[in-house]
Amino acid sequence: MKNWIPAATGLVAGVLAATVFFADFSSGPSGSATNDHANKTNAEKVYVPFGEKDEYYLMASGGHSGQMFIYGVPSMRHIRTVPVFSPDSATGYGFDKHTKELMGDYNWGDLHHPALSETDGDYDGKYLFATDVGNSRAAVMNLETFTTRDIIDVPNTSGPHCAAFVTQNTEYMFLPTRFAVPIGSEYASLDDYSEKYRGVMSAVTFDEENEKLNIAYQVALPPWSYDLSDAGKKMSADWAVMTTYNTEEATTNLEINASQADRDYIVLFNWKELEQKIQDGDYDEVTGQKMIFPEKHKGGIYLVPVAKSPHGVDVTPDGEHFIASGKLAPAMTVFSFQKAFDAIENEDFAGERNGIPIINYDSVMEREVDPENALGPLHTQFDDKGMAYTTMFISSEIVKWDPKTGETLDRVPVQYSPGHSVAAEGDTVNPDGKYLIALNKIAKDSYLSVGPSHPESMQLIDLTGDKMEVIQSAPVNPEPHYAQMIKADKIKTISIYEKEENNPLAAYNQEDTRIERKGNEVHVYGIAMRSKFIFDAKAERPDVIEVNEGDKVFIHLTNIDFDQDITHGFAINSYDLNMEVQPGQTNTIEFTANKAGTYPMYCTNFCSALHQEMTGYFLVKPKS
Amino acid sequence: MNGKRLSAVSSFLLVAATLLIVASLFFPWWKMEFFAPQYPEGLNIIVYPDKLEGEIDIVNGLNHYIGMANFSEENFPELQYLSYLIGGLAFLVLMTAIIRRKSFLYFVIGIFVIGGLLGVWDLNRWLKNFGTELDPMAPIKVDPFVPPIIGENTLANFVTYSHLGLGTYLVIAAFILLLIPLWKDRQK
Ligand SMILES: [Cu+2]
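About the thresholds
- Residues numbered from 1 in each chain as written.
- Chains lettered and ligands numbered in written order.
- Predicted model: local features only at pLDDT ≥ 70, side-chain atom pairs only at ≥ 80, totals over all residues.
- Heavy atoms only, no water.
- UniProt positions renumbered as here; feature names shortened; annotations may be inferred.
- Helix = DSSP H or I, 4+ residues; strand = E, 2+ residues; numbered from the N terminus.
- Rg over C-alpha atoms; globule rule 2.2 N^0.38 Å.
- Buried < 20%, exposed > 50% of the residue type's maximum accessible area, 1.4 Å probe, protein only.
- Contact = heavy atoms within 4.5 Å.
- Areas by Shrake-Rupley, 256 points an atom, 1.4 Å probe, with all protein chains shown as cover.
- Lys, Arg positive; Asp, Glu negative; His and termini not counted.
- Charge placed at Lys NZ, Arg CZ, Asp CG, Glu CD.
- Phe/Tyr/Trp six-rings, centres within 6.5 Å; stacked < 30°, edge-to-face > 60°.
- Salt bridge = Lys/Arg side-chain N within 4 Å of Asp/Glu carboxyl O.
- Polar contact = N/O pair within 3.5 Å; in protein donor to acceptor, adjacent residues only side chain to side chain.
- pLDDT = per-residue confidence, 0-100.
- Domains from an automatic or database assignment.
- Buried area = accessible area lost by both parts, 1.4 Å probe.
- Axes fitted to C-alpha atoms, helices over the stretch in contact; angles between N-to-C directions.
- Parallel < 35°, antiparallel > 145°, perpendicular 65-115°, else oblique.
- Nonpolar A, V, L, I, M, F, W, Y, C, P; charged D, E, K, R; others polar.
- Donors = N, O, S within 2.8 Å, 3.2 Å for Na, K, Ca; no water.
- Tetrahedral: all angles 85-135°; square planar, octahedral: opposite > 155°, others 65-115°.
- Left-handed = near helix turned anticlockwise from the far one by under 90°.

For chain A, an unreviewed UniProt entry supplies the name Nitrous-oxide reductase and the organism Cytobacillus eiseniae. On record in UniProt, under Subcellular location (unreviewed entry), the comment for chain A is "Periplasm".

Put into structure tokens, the structure is as follows:
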């Protein structure tokens, strides 16, 4: 009769269970960006409201600041500066043990062309490589943490400006040099320049597991200056190209003397062939490096004549052409890889230079493109339709043109004097189009004045319409030479370092903190947490370190706040020391207590409401 | 005799209740979420019958400012044996399904009610301990407080929300299944 009651109650129980199983009780804000580009004002196109994120990362080289600048696109907001070749007290870079070792004896670097790691010719978002023209080094930055992981010195070379460029599966990063020097940078008279000097190029490999860079081999190219370069793609994947200037081999007043010849060269080389030479032992061992001398270990390297003093050489996304721009003979030249391969096959050469075959210009040249009054073409990027965008340094504009026809499609003025530009994934096999940023060398009155020293200027150009349109300008510290623009969702960062249970330097529990003396060495295993330091939990004053004058002090500090954005700093007054420990990270600072006295220690990175109380004392007993 | 025996359908419901109780062991029973301006994503303390989950270390790190004791599995001896008690209860329900005696069902329902009340009392006792026995040396002095078992509480920059977890709902569902035979097999 009333049988519906048990049935109904059973149903209620079932629904209750189902609700708690499947219902979504999650709370918190959610947002989605509407990205309809049409009909938006310029302001709307670049506005990224709080809670939403930029669509692209811009990783701009910092030139002689030795740093990388990370921006968001399209907002053009500066997000972070990552130190690479220069110390940075804000992050303790160059102060803590690891980064001090990375920096070696150098205090600065000239960070030029950054290159993202690639898989199948597309950015994979894992690593960023960069070179130091100032002190001849190469570096790699991990993009999970945006920190520099390794730096190597590149011997026999001086100023790897013509870098970095990676092959399409990051097999190699090549570092050709700007300045020719004698092998080993030994003393040699400039009168012997042509005989004794070399423009050495290095082939660098990256060991991802250990995050180590390594020089696989070097090539002793002629003593010319190597300016810019690009790796082949797809059908040209085994090849690479780089521009040269001063093939005159001038040794003074290069402005005049290196601008005499009507043509310089593009060096075209097959890195697979060079790799094979190394495997076959077809090289000389010089200064501990495997060195290929092109005139002796022949093959795999060719010269292509090009309009004089070229700057950029860029491979089209389909990998079929390379475009070089003669900055003094103002034209862009489109060369065909296939024609070059045929010419090599048929030995269609116009003699040799320094033992390297010269391919006939007319055999490889596809077309010369010379937009009217466009002066100083430096560097070319590409969009999703294969259209080329070339910066015009002298006429201060970006020219859009079709490499297949040579037709000029559009021009837009920029303020002023763009060196490089960077398009969204614009040097990959698969550019996105959408945005291009002109990296301008001259800002003049673009921004509020800060006196004689000016910022550089980056201008964001919308590529989605029929006409290019400058939609945003942003000042930037000196000085971006080149940049990489990568879709934000390709970058997978971490915000907290994981516990390393086997790290002997880490202390994750207060009970593990201790101060150990070994002779005149003092080893401190401490923790930083909101809002205190604990160096020895059992001591009467756990936040005090007492040593004797002259002791060597090792402070290993672990941040045990495994909480996003809770960074602690650590500084000792008057000891010129500062470092940071990120959440979960263990970091070491090493120094000699060479000043007796009393020195407060404190947390330098504002961490909590009681950050001001996060202090201690470093006491150095004088020698009696 | 018929009046003292449970029907086959009732027996089946009791087996279902047993399964729900066993399932509850694998889900959280209670949860407290903490929100603050700088923690819009929220921090959690999630209580299972045998363990704690969530951002316990971070919550502890923040709670030390008001002198609150640490949440940790060692501090809650209940976590050592609670799952056995729940397992025992499931066993009793299963026994009822097998022996099908109404009197035994009354007994099990009695145990269920007592267990539930004890659980609520215990949870409330802990909340009271944590909220009122604050370290007098704490840098931030707050008035003693008792967060509710279910509902909202505000403390300094934090708003907390306490909820019952899925495990508790499963057990409530099981309890409802236990009551149905009383109705279904009532004396007419
Ligand atoms: Cu701090």
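Peer 1: How should the overall build of chain B be read in this particular structure?
Peer 2: Counting its regular elements, chain B contains 5 helices and 5 strands. Helices and strands appear in chain B in the N-to-C order α-β-β-β-α-α-α-β-β-α. Computed over C-alpha atoms, the radius of gyration of chain B comes to 20 Å, more than 25% over the 16 Å expected from 2.2 N^0.38 for 188 residues, which places it beyond the range of a compact globule. Along the first, second and third principal axes, the C-alpha atoms of chain B reach 70 × 30 × 25 Å. Expressed as a percentage of its 188 residues, the buried residues of chain B come to 44%. Here the contacts in chain B between residues at least 6 apart in sequence split such that 64% fall between residues at least 24 apart. In the structure as shown, chain B presents an accessible area of about 10000 Å², 66% of it carried by carbon and sulfur atoms. Taking the 13 positively charged and 15 negatively charged side chains of chain B as two groups, their mean positions are separated by 25 Å.

Peer 1: I would appreciate a short explanation of the packing of aromatic side chains in the present structure.
Peer 2: Each aromatic ring pair is described using two quantities: the centre-to-centre distance and the angle formed by the ring planes. All names here are of chain A. Tallied over the full model, the rule gives 35 aromatic pairs over all chains. Taking 5.0 Å as the distance between ring centres and 90° as the angle between the ring planes, the aromatic pair formed by tyrosine 575 and tyrosine 599 counts as edge-to-face. Pair noted here: tyrosine 575 is in the loop between strand E39 (568–572) and strand E40 (577–581) and tyrosine 599 is in strand E42 (residues 597–602), with a separation of 24 residues, a long-range link. Residue tyrosine 575 shares its accessibility class with tyrosine 599, and that shared class is buried.

Peer 1: What am I meant to see in the side chain of A:Asp383 here?
Peer 2: Residue and element names in this part refer to chain A. Among the secondary structure elements, aspartate 383 is positioned in the loop between strand E25 (377–382) and strand E26 (388–392). Of the buried charged residues, aspartate 383 lacks a salt bridge, with lysine 400 as the closest side chain of opposite charge at 4.5 Å. In this structure the side chain of aspartate 383 is engaged in a polar contact, spanning 2.8 Å, whose partner is the backbone nitrogen of lysine 385. Only 2.7 Å separates the side chain of aspartate 383 from the side chain of tyrosine 389, close enough to count as a polar contact. Sequence-distant contacts of aspartate 383, that is, excluding residues within four places in its chain, are made with Tyr389, Lys400, Pro431, Gly433 and Leu463.

Peer 1: I would appreciate a short explanation of the pattern of salt bridges in the present structure.
Peer 2: Opposite charge on two side chains permits pairing when their charged atoms draw close. All names here are of chain A. One pass over the structure, following the stated rule, counts 35 salt bridges over all chains. With its nearest N and O atoms 2.8 Å apart, the salt bridge here joins lysine 441 to glutamate 479. Of the two residues, lysine 441 is situated in the loop between strand E30 (433–440) and strand E31 (456–462) and glutamate 479 in the loop between strand E32 (469–476) and strand E33 (483–487); the sequence distance between them amounts to 38 residues. Among the charged side chains, a network of salt bridges with common partners joins Lys97, Glu101, Lys552 and Glu590.

Peer 1: Even after reading the chapter, I still don't get the confidence of the model for chain A, so can you show me in this structure?
Peer 2: Any segment with low pLDDT has predicted coordinates that should not be analysed in fine detail. Per-residue pLDDT for chain A averages 92, and the proportion of residues at 70 or more is 94%. Confidence over residues 22–34 of chain A falls short of pLDDT 50; this stretch has 9 contacts with residues more than four positions distant or in other chains.

Peer 1: I keep staring at the domain arrangement of chain A and nothing clicks. Help me out?
Peer 2: A common way to report how large an interface is uses the accessible area buried once the components associate. Residue and element names in this part refer to chain A. Each assigned domain of chain A is listed with its residue range as follows: domain 1 (56–490) and domain 2 (510–621). Taken over C-alpha atoms, the centre of domain 1 sits 43 Å from the centre of domain 2. In total, about 660 Å² of surface goes out of reach between domain 1 and domain 2, with carbon and sulfur atoms giving 45% of it. Interface area lost by domain 1 to domain 2 is led by Phe95, Asp96 and Lys97, which between them contribute 62%. Joining domain 1 to domain 2, the criterion identifies 1 salt bridge. A salt bridge links glutamate 590 to lysine 97, with the shortest nitrogen-to-oxygen separation between them at 4.0 Å. Where domain 1 touches domain 2, the interface holds 3 residue pairs in polar contact (both at pLDDT 80 or more).

Peer 1: Just checking my understanding: could you explain the side chain of A:Arg198 for this structure?
Peer 2: Residues and elements named next belong to chain A. Locating arginine 198 in the fold gives a position in strand E11 (residues 197–207). Take arginine 198: its relative accessible area is 15%, and that puts it in the buried class. One polar contact links the side chain of arginine 198 to the main-chain carbonyl oxygen of alanine 220, over a distance of 2.7 Å. At a separation of 2.6 Å, a polar atom in the side chain of arginine 198 contacts the side chain of glutamate 295.

Peer 1: So what exactly am I meant to see when it comes to the packing of helix H1 (residues 8–24) of chain B against helix H3 (residues 78–99) of chain B here?
Peer 2: Two numbers describe a pair of packed helices, the interaxial angle and the distance between the axes. Residues and elements named next belong to chain B. Running from N to C, H1 and H3 cross one another at 170°; their axes reach a closest spacing of 8 Å. By the angle between their axes, H1 is roughly antiparallel relative to H3. Residue-level contacts link Ser11, Leu14, Val15, Ala17, Thr18, Ile21, Val22 and Ser24 of H1 to Ile86, Ala90, Val93, Leu94, Thr96 and Ala97 of H3. For the contact of H1 with H3, a count of residues per class yields 10 nonpolar, 4 polar and no charged.

Peer 1: Sorry if this is basic, but what is going on with the coordination of the copper ion here?
Peer 2: Octahedral six-donor coordination of a metal ideally yields angles of 90 or 180 degrees, compared with 109.5 degrees for tetrahedral four-donor coordination. Residue and element names in this part refer to chain A. Each protein donor to the copper ion is listed here as His568 (ND1), Cys603 (SG), Cys607 (SG) and Met614 (SD); together their distances run 2.1 to 2.5 Å. Given 4 donor atoms and angles of 94 to 126° at the metal, the environment of the copper ion is assigned as tetrahedral. Each donor residue of the copper ion belongs to the same chain, and together they define the spacing H-x34-C-x3-C-x6-M. Taken together, the residues span a long stretch of sequence, with cysteine 603 in the loop between E42 and strand E43 (615–621) and methionine 614 in the loop between E42 and E43 at a distance of 11 residues. An identical accessibility class is assigned to cysteine 603 and methionine 614; each is buried.

Peer 1: Teacher, can you tell me more about the packing of H1(B) against helix H5 (residues 166–184) of chain B here?
Peer 2: Residues and elements named next belong to chain B. Their axes nearest at 8 Å, the elements H1 and H5 cross at an angle of 165°. On the basis of the axis angle, H1 is roughly antiparallel to H5. Regarding H1 and H5, the two cross each other, and that crossing is left-handed. Between H1 and H5, the residues in contact are Val9, Ser10, Leu13, Leu14, Ala16, Ala17, Leu20, Ile21, Ala23 and Ser24 and Gly167, Leu170, Val171, Ala173, Ala174, Leu177, Leu178, Ile180, Pro181 and Lys184, respectively. For the contact of H1 with H5, the per-class residue count stands at 16 nonpolar, 3 polar and 1 charged.

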